[in-house]
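So the chains spell out like this:
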Amino acid sequence: MAVRHQLIAREPSVLWAVLGDKSRYTDWVVGTFDSSPGDGRWPEVGSSIKYTARVGPKQFHGRMTVRLDAPRALELEAHGGPLDTARIAFDVRPWGDKTLVILDEHPLRGLGGMLHNTVLDAFAQIRHRSMLRRLAEVVEGMPQDTG
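Since the model is a prediction, treat every value here as computed from it, not as a measurement. (Residues numbered from 1 in each chain as written. Predicted model: local features only at pLDDT ≥ 70, side-chain atom pairs only at ≥ 80, totals over all residues. Heavy atoms only, no water.)

K.L.:
Could you give me a rundown of the overall build of the protein, with the residues and numbers involved?
P.N.:
Looking only at helices and strands, the protein has four helices and seven strands in total. Traced from its N-terminal end to its C-terminal end, the protein shows the element sequence β-α-α-β-β-β-β-β-β-α-α. Here the C-alpha radius of gyration of the protein, 15 Å, is about what a compact globule of 147 residues would show, namely 15 Å. Considering only C-alpha atoms, the protein reaches an extent of 50 × 30 × 30 Å along its principal axes. By element, 55% of the accessible surface of the protein is carried by carbon and sulfur atoms, the whole surface being about 8200 Å². (Helix = DSSP H or I, 4+ residues; strand = E, 2+ residues; numbered from the N terminus. Rg over C-alpha atoms; globule rule 2.2 N^0.38 Å. Areas by Shrake-Rupley, 256 points an atom, 1.4 Å probe, with all protein chains shown as cover.)

Set out below in structure tokens:
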């Protein structure tokens, strides 16, 4: 299981604005270069977006489905082609005037689950470090609310 955290220098509402904007998905998710609307109204439970990911010269088409959308968490199921599915959970916690994000990802079904090991977790840690850094940059780059 790959768990990583990131402190983001903005309030949780700004992070939720980014997580709830399906058009920003490729701005922060490592490996994706295209996304489009899927079913439902993102990020309501059961809604989805379609995405295309690249691993080297290979392209994979997948779908991300919301499984839990709560005030403190967003849980997604990634349907990623040959590896089948993975659970990706964002635990969102207020941290003073900042936000602590804890990312937890692990395979659920299929080849990814059968091949899951500490080596794959190490690669996931590298990917998560980059993804959370990119997410922080997007969130921290959002305009300040002058209310």
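K.L.:
Report on the packing of aromatic side chains, specifying residues and quantitative values.
P.N.:
Under the counting rule described, the total for this entry stands at three aromatic pairs. Summarising the aromatic geometry, the rings of Tyr25 and Trp28 are spaced 5.9 Å apart at their centres and angled 70° between planes, so their arrangement reads as edge-to-face. Placement of the pair is Tyr25 and Trp28 together in helix H2 (residues 25-28), with a separation of three residues, close to one helical turn. Per residue, the accessibility class of Tyr25 equals that of Trp28, and both read buried. (Phe/Tyr/Trp six-rings, centres within 6.5 Å; stacked < 30°, edge-to-face > 60°. Buried < 20%, exposed > 50% of the residue type's maximum accessible area, 1.4 Å probe, protein only.)

K.L.:
Outline the pattern of salt bridges, listing residues and values.
P.N.:
Tallying each qualifying case throughout the model produces nine salt bridges. For the salt bridge of Glu77 with Arg67, the shortest nitrogen-to-oxygen distance reads 2.8 Å. With Glu77 in strand E5 (residues 73-79) and Arg67 in strand E4 (residues 58-70), this residue pair connects regions lying 10 residues apart in the sequence. The residue Glu75 makes a salt bridge to Arg87 at a minimum N-O spacing of 3.2 Å. Linking Glu75 in strand E5 with Arg87 in strand E6 (residues 85-95), this pair joins segments that are 12 residues apart in sequence. One salt-bridge network, held together by shared partners, links Arg72, Asp91 and Arg93. (Salt bridge = Lys/Arg side-chain N within 4 Å of Asp/Glu carboxyl O.)

K.L.:
Talk me through the sheet that holds E4; I want residue IDs and the actual numbers.
P.N.:
One open sheet holds the seven strands; their spatial order is E1-E7-E6-E5-E4-E3-E2, and the pairing between them is antiparallel. Each end of this open sheet is capped by a strand with a single partner; those strands are strand E1 (2-8) and strand E2 (32-37). The average angle at which neighbouring strand axes cross in this sheet is 25°, direction not considered. (Pairing = 2+ DSSP bridges. Axes fitted to C-alpha atoms, helices over the stretch in contact; angles between N-to-C directions.)

K.L.:
Any details on the side chain of Arg87? Residues and values, ideally.
P.N.:
At 3.2 Å, the side chain of Arg87 forms a polar contact with the side chain of Glu75. A polar contact is formed between the side chain of Arg87 and the side chain of Asp104, at a distance of 3.2 Å. Those residues within four positions of Arg87 in sequence are excluded, and the remaining contacts are Glu75, Leu76, Asp104, Glu105, His106 and Leu108. (Polar contact = N/O pair within 3.5 Å; in protein donor to acceptor, adjacent residues only side chain to side chain. Contact = heavy atoms within 4.5 Å.)

K.L.:
Run through the environment of His5, naming residues and quoting values.
P.N.:
Along the chain, the position of His5 falls in strand E1. Measuring from C-alpha to C-alpha, the distance between His5 and Val101 comes to 5.5 Å, with 96 residues separating the pair along the chain. Leaving out residues up to four positions away in the same chain, His5 has contacts with Leu100, Val101, Ile102 and Leu132.

K.L.:
Please set out helix H1 (residues 12-19) residue by residue, giving values where relevant.
P.N.:
Burial in H1 covers these residues: Pro12, Val14, Leu15, Val18 and Leu19. Seen end-on, H1 carries its buried residues on one side only, within an arc spanning 160°. (Arc of directions from axis to C-beta.)

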